[in-house]
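# Working through the structure, step by step
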Amino acid sequence: MLFRSHLALLFAEIGYPDAARRQVARIPVASVRMLTEMQILLTTGDLGIEQGRLDETAKQLGAVEDLLKRGIACGALVDPWNILGFGAQYPRFQSLEDSVRDPRIDDLIRIVEQFFNLYGRLLSEGASSGTFRPDKDLAKEMHRLADWWDRFATTTVSDIDHVHGNEATQSAEHVARSLARWRQRRAGA
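Quick look at the structure, then. In this text the structure is predicted, and so the values were computed from the model without any measurement.

Moving on, we get to the side chain of Ser124. Residue placement: Ser124 occurs in helix α6 (residues 103-129). The exposure class of Ser124 is buried, given its relative accessible area of 13%. In contact with Ser124, other than residues within four places in its own chain, are Ala172, Val175, Ala176 and Leu179.

Below you can see the structure in the form of structure tokens.
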């Protein structure tokens, strides 16, 4: 079953959603199903940006966020408060030395990082093409997501990769504003 979950996530990541769903259909674990579906949506979003389907990709962002929050709420994904509370460890017993690294945290961090990257990429591409304005709804949604994520203070735990939502949002907005100004100057010439 473990190889099927890795295979499903691999197929989802490289852009084969049907193959990923066939593999995950044989796995009775909700966490793998949700991670795979989020990975499919993120990869489809990246492909949508490459193909110029920016509006369609923007609509998929809500589905990813919904799956992320539902997965956390139902226990299929690790609660982000556990990252800070247990220092990225899974306590098997009361004492800290009997803890093991919690691999679910790496899965959550990877998905959230890809989610912010997709938001940033979509905002930049939208600004450079004139589809989205850097100060409108997409940027506000990214700010809202960053505020939600940053409250878990995951960047204070040293043993995990850090995803700082507000830094990602500010960076994406800066790039989008620069691209929008470049587009306006080019159109004026």
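On the secondary structure map, Thr43 appears in helix α3 (residues 30-50). Residue classification places Thr43 among the buried positions, given a relative accessible area of 10%. Those residues in contact with Thr43 that lie beyond four places of it in its chain are Ala12, Glu13, Ile14 and Gly15.

Another point: a nonpolar patch on the surface. A grouping of Leu10, Ile14 and Tyr16 is seen on the molecular surface, where their side chains present a nonpolar patch of about 310 Å² in accessible area. Structurally, Ile14 is set in the loop between α1 (2-13) and α2 (17-24).

Let us look at the pattern of salt bridges. Considering all chains together, one arrives at nine salt bridges under this definition. Here Arg70 makes a salt bridge to Asp66, at a shortest N to O gap of 3.0 Å. On the criterion of helical spacing, the pair formed by Arg70 and Asp66 is a turn pair, its members being four residues apart in helix α4 (residues 54-74). Among the residues examined, Arg70 registers a relative accessible area of 45% and is labelled partly exposed. By relative accessible area, Asp66 is classed as partly exposed at 38%. Between Glu141 and Arg144 there is a salt bridge, and its shortest N-O distance comes to 2.5 Å. Here Arg144 and Glu141 lie together in helix α7 (residues 137-150), a separation of three residues that amounts to about one turn. Judged by relative accessible area, Glu141 falls into the partly exposed class, the value being 34%. Within this structure, Glu65, Lys69, Glu141 and Arg144 form a network of salt bridges that share partners.

Rules used in this analysis
- Residues numbered from 1 in each chain as written.
- Predicted model: local features only at pLDDT ≥ 70, side-chain atom pairs only at ≥ 80, totals over all residues.
- Heavy atoms only, no water.
- Helix = DSSP H or I, 4+ residues; strand = E, 2+ residues; numbered from the N terminus.
- Buried < 20%, exposed > 50% of the residue type's maximum accessible area, 1.4 Å probe, protein only.
- Contact = heavy atoms within 4.5 Å.
- Patch = residues over 30% accessible without salt bridge, like charges linked within 9 Å, V, L, I, M, F, W, Y side chains within 5 Å.
- Areas by Shrake-Rupley, 256 points an atom, 1.4 Å probe, with all protein chains shown as cover.
- Salt bridge = Lys/Arg side-chain N within 4 Å of Asp/Glu carboxyl O.

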